[in-house]
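Structural description and commentary
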Amino acid sequence: MTHFHWLLDGGIVGFYLLITMAAGIAMRKYVGKLEDYLVAGREMNLHLGIASLAATEFGIITCMYTAQAGYTQGFSGAMPGICSAVAMMLIGLTGFCIKPLRQAGAMTLPEMFEKRFGRNVRWLSGIVIVLGGLLNMGVFLQIGGKFLCTVAGFDPANLTLIMTALLLMVVIYTVLGGMLSVLVTDFLQFVVMSAGLLVVSVLILKNVGWDTLVKTVQVHHGEGGFQPLANPDLGWPFLINQFVANAAAALTWQAVIVRILSAKDSETSQRIYTRTSFFFVCRFLLPGIWGIAALATLGWAPLKQLTDSERAAIPAAVQEKIAASPVGAPLKTLSMDETAAISVETKAKLADASLLAMPEFLSTFLPVGFMGLLIAAMLAADMSTNSSYMLSWGSVIYNDILAPFRRTAWTDKRAILWNRCIVALIGLYLLVFGLFYHIEGNVWSYLLLTGSIYLSSMSVLLIACCYWKRANNWGAIGGILLGAAVPVTHLTLEKLPSTAAFAASVGKDVAGLAAFAGAALGMIIGSLLKPKSTAS
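Thresholds, definitions, all that
Residues numbered from 1 in each chain as written. Predicted model: local features only at pLDDT ≥ 70, side-chain atom pairs only at ≥ 80, totals over all residues. Heavy atoms only, no water. Helix = DSSP H or I, 4+ residues; strand = E, 2+ residues; numbered from the N terminus. Rg over C-alpha atoms; globule rule 2.2 N^0.38 Å. Buried < 20%, exposed > 50% of the residue type's maximum accessible area, 1.4 Å probe, protein only. Contact = heavy atoms within 4.5 Å. Salt bridge = Lys/Arg side-chain N within 4 Å of Asp/Glu carboxyl O. Disulfide = S-S within 2.5 Å. Axes fitted to C-alpha atoms, helices over the stretch in contact; angles between N-to-C directions. Parallel < 35°, antiparallel > 145°, perpendicular 65-115°, else oblique. Nonpolar A, V, L, I, M, F, W, Y, C, P; charged D, E, K, R; others polar.

1. Examining the overall build of the chain
Summing up its helical and strand segments, the chain has 25 helices and zero strands in all. Its C-alpha atoms give the chain a radius of gyration of 23 Å, within 12% of the compact-globule value 24 Å for 536 residues. The principal-axis extents of the C-alpha atoms in the chain amount to approximately 70 × 50 × 40 Å. For the chain, with 536 residues in total, the buried portion stands at 60%. Restricting to contacts in the chain with at least 6 residues of sequence separation, those with at least 24 account for 85%.

Set out below in structure tokens:
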């Protein structure tokens, strides 16, 4: 059952989508040069930059994994947001790396690297950025579709149709208007998204109550729900990885730094970071509260995700273990034989129990009318994220990966056409990947690990490019290869039955930190090995 009303709530959602699509498509007539399409002519002001960055970094997937963190880790689940906010504030205040990055006048990171490390490093870094970015973004549509199916009561069999519709809306205005469309629609989406976040959070605090939320965390998570170091699944590796990875993302995540590159000057880019930093706490804390409210209201009942026939296929003793399992880990107490006896489809549904708890709770908690506002807000968040990410990875493909194949300078008209085709192809990839890939474990950990494929190496390259005179192309290549090798290996081991247990014992946090250590080691050793007389 859901409170979604097709006429009232559907009308609110439809009106929002109509306004957004019209605004996005209208920007097409202002795209005359490639610089307009990729970095909005470098004329973005402070307030538009704040709204655009905040909207881009909060999508449905953000809401889902932060609510999942609140559901499975209590208030400790908000620590990544605090780490991110601290990193953004420090970088914004000091201008560390982002000031020289903006002053370089590049449109992408690899373009800046070419000036210091050569054309081969530019091409290789472009490959790594796109690989990590597309693996990271590949699950966005799938999780966004699951949210809409759950909160609005749509038939899960229509997931593919919903994913396709979400994608088409974003692709149309992004292909036509580029970064100009992204910025204008981001501003509208920021307003709707903020209203939805605040209204739902106030209703939860009023009707569920703060005392109930605190008590729920105490009962289900104990001290670990308030203190991450007391949580056996978090601890120091988790905290260190959160700060390092979030700082690296603030420096090198293409969808974030495109705001730096689009800002009218370096001072504006720094102020965008300092003014937006607190939002990164809110994007974890508020949906985290929604997740805790879901736990308070629904409890932990992973078997409810299964049909009668799927439950009947599981022995009664195994069902008891699953029902009594720790929150968010339905298979943790099962033996290897018991886990192997459960079908892949059933395990996937059990794994989704903590992820879908929040939308299941909201589907009956919010009254008619407010449900439409929620879905409009989540669609606003998702559309801004998807559009910016597609344009970001597309710009790297065109500007850096395809650069060696352009023997002569292309006209702006031809360059824009190619960028539009690339964005459309990225959309097709997202649809196919989202249909077939299933995340193992916590969504946020997966996103950090796939992001570290390039965050580790690119952050090391950027710091060395800006501040280490001895850095050269040997070190850059070593950093790229070692930084990407660790997360790719870990993701592969997770999918192989013979090594899945080992990968789980290592954990995504340790693997993520190992990626940064490997990238730094590759940069230092490679740069020192190259004779000074031939250094780049």
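2. Section: unusual backbone geometry
A positive phi angle, close to 70°, is found at C97, a residue other than glycine. Mapped onto the elements, C97 comes out in the loop between α5 (79–94) and α6 (98–103).

3. Topic: the pattern of salt bridges
Counted under the stated rule, the structure contains ten salt bridges. Close ionic contact of E57 with R283 constitutes a salt bridge, the shortest N to O distance being 4.0 Å. Of this pair, E57 sits in the loop between α3 (46–56) and α4 (60–73) while R283 sits in helix α14 (residues 266–298), and the two are 226 residues apart along the sequence. In terms of burial, E57 and R283 fall into one category: buried. Residues D400 and R122 are paired through a salt bridge, measuring 2.7 Å at the closest nitrogen-oxygen approach. Within this pair, whereas D400 is found in helix α20 (residues 370–401), its partner R122 is found in helix α8 (residues 119–137), the two being separated by 278 residues in sequence.

4. Structural notes on the state of the cysteines
In total, this model carries zero disulfides according to the counting rule given. Here C97 is not disulfide-linked; the sulfur of C466 is the nearest cysteine sulfur, at 4.4 Å. With a relative accessible area of 0%, C97 lands in the buried category.

5. A short note on the packing of helix α10 (residues 159–207) against helix α13 (residues 254–262)
In helix packing, the relevant descriptors are the interaxial angle and the interaxial distance, both defined with respect to the helix axes. Close contact between α10 and α13 brings their axes to 13 Å; oriented N to C, the two are set at 100°. The angle between α10 and α13 falls in the class roughly perpendicular. Here α10 contributes M179, V182 and D186 to the contact with α13, which in turn contributes V258, R259 and S262. The residue makeup of the contact of α10 with α13, split by class, is three nonpolar, one polar and two charged.

Keep in mind that these numbers describe shape and distance, not what the molecule does.
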